[in-house]
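Report on the structure
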Amino acid sequence: MTGPMGELRTTLITGGNSGIGEALAKKLVESGQRVVSVGLDKPSWTHELLAAYCADLTSIDETRAIAQQICRDHAIDRLVHNAGIIIPNLLPDVRPEDILMLAQLHLGAPMLLTQAALEGMLARRFGRIVFVSSRAAMGAATRSAYSATKAGVHGMARTWALELAASGITVNVVAPGPILTDNFWGIVPKGSEQQERMARNIPVGRLGSREDVAHAISFFLDERSDFVTGQVLYVCGGASLVGLSP
């Protein structure tokens, strides 16, 4: 995808080395778009349109430093904050430290990255910011820290959407339901009865794929989606309508 003067757009993806972020990165480079990935690890694959950086986004200092470096090296037009961690605990075992760490990862990190990229977006009068949130923002057992910070994402995204609307920059949220990734299998055993039961409880009758979410993100990234901002799109097979049993 190119801009009005034919320039190639560049998308920064956090957590672009695995899961949903990797699926999106591959989708974009295969369509001829530049991608910058930042995460704990670099992607296991290479492409001439892919640049990769490593940083711990739970660290404010590391995030600030890598944000500045990336925006010195690249003109970031679009930012997808996909990196996330689930720390499952029932209420008696939740720690305030969990909330603080996930607040930095889910809220502080995209704030620092966007601040670094904002000057260029404003100058070009174009930008796309997409958060990958979760259906769990509506509430889910064992997700106190995760649900709280993901719900915070929705409020922050809507605030930015209002602030940036007149500047050609849109801000939207994709909120997946259960998606078959390593994060999911880290909590639900792969191929288990629990996995099959969850699939049966989803109205469409299956769990989601990485590509399902990447497709939805691509809609918000498109230059033709400039009349859509401040929205939350649940990519969950209908689970947001009926709830989800473990």
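So, here is what we can say about the structure in this document. The model shown is predicted, which means the values in this text are computed figures rather than measured ones.

1. A look at the sheet that holds strand E7 (residues 232–235)
Taken in spatial order, the seven strands of this open sheet run E3-E2-E1-E4-E5-E6-E7, and their pairing is parallel. At either margin of the open sheet sits one strand with a lone partner, and together these are strand E3 (50–54) and E7. When strand polarity is set aside, the average angle formed by the axes of neighbouring strands in this sheet is 15 degrees. Note: strand E4 (residues 78–81) against strand E5 (residues 127–132), four bridges, orientation parallel. Pairing of Val80 across the sheet is with Val130, part of E5. Lying on the sheet, helix H3 (residues 96–124) is in contact with strand E1 (10–14), E4, E5 and strand E6 (169–176); it crosses E4 at an angle near 175 degrees.

2. Brief notes about the side chain of Ser147
Looking at the secondary structure, you find Ser147 in helix H4 (residues 144–164). In this structure the side chain of Ser147 is engaged in a polar contact, spanning 2.7 Å, whose partner is the backbone oxygen of Ala136. If we ignore the near neighbours within four places in the chain, the residues touching Ser147 are Ala136, Ala137, Gly139 and Ala140.

3. Some words on the packing of helix H2 (residues 60–73) against H3
Between H2 and H3, the least distance of the axes is 9 Å, while the angle of their chain directions is 30 degrees. Here H2 is positioned roughly parallel relative to H3, judged by the angle of their axes. With respect to the hand of their crossing, H2 and H3 are arranged in right-handed fashion. Between H2, through Ile60, Thr63, Arg64, Ala67, Gln68 and Cys71, and H3, the contact on the second element is made entirely by Gln104, Ala109, Leu112, Leu113, Ala116 and Ala117.

4. Here we look at the packing of H3 against H4
Direction vectors running N to C along H3 and H4 enclose 20 degrees, while the axes themselves pass 8 Å from each other. Looking at the two axes, H3 sits roughly parallel to H4. The two elements H3 and H4 cross, and the hand of that crossing is right-handed. Along its contact with H3, which presents Asp98, Ile99, Leu102, Ala103, His106, Leu107, Pro110, Met111, Thr114 and Leu118, the element H4 presents Ala145, Tyr146, Thr149, Lys150, Gly152, Val153, Met156, Trp160 and Leu164. Looking at the contact of H3 with H4, its residues break down into 13 nonpolar, four polar and two charged.

5. Let's talk about the pattern of salt bridges
With the rule as written, the count across this model stands at ten salt bridges. We note a salt bridge from Glu223 to Arg9, for which the minimum N-O separation is 2.8 Å. With a gap of 214 residues between them, Glu223 in the loop between helix H7 (210–221) and E7 and Arg9 in the segment before E1 connect regions that are remote in the sequence. For Arg9, a relative accessible area of 2% corresponds to the buried category. Among the ionic pairs, Glu193 bridges to Arg200, the shortest N-O distance being 2.8 Å. Look at Arg200 and you get exposed, because its relative accessible area is 54%. Salt bridges sharing common partners tie together Arg9, Asp77, Arg124 and Glu223.

Thresholds applied
Residues numbered from 1 in each chain as written. Predicted model: local features only at pLDDT ≥ 70, side-chain atom pairs only at ≥ 80, totals over all residues. Heavy atoms only, no water. Pairing = 2+ DSSP bridges. Helix = DSSP H or I, 4+ residues; strand = E, 2+ residues; numbered from the N terminus. Axes fitted to C-alpha atoms, helices over the stretch in contact; angles between N-to-C directions. Contact = heavy atoms within 4.5 Å. Polar contact = N/O pair within 3.5 Å; in protein donor to acceptor, adjacent residues only side chain to side chain. Parallel < 35°, antiparallel > 145°, perpendicular 65-115°, else oblique. Left-handed = near helix turned anticlockwise from the far one by under 90°. Nonpolar A, V, L, I, M, F, W, Y, C, P; charged D, E, K, R; others polar. Salt bridge = Lys/Arg side-chain N within 4 Å of Asp/Glu carboxyl O. Buried < 20%, exposed > 50% of the residue type's maximum accessible area, 1.4 Å probe, protein only.

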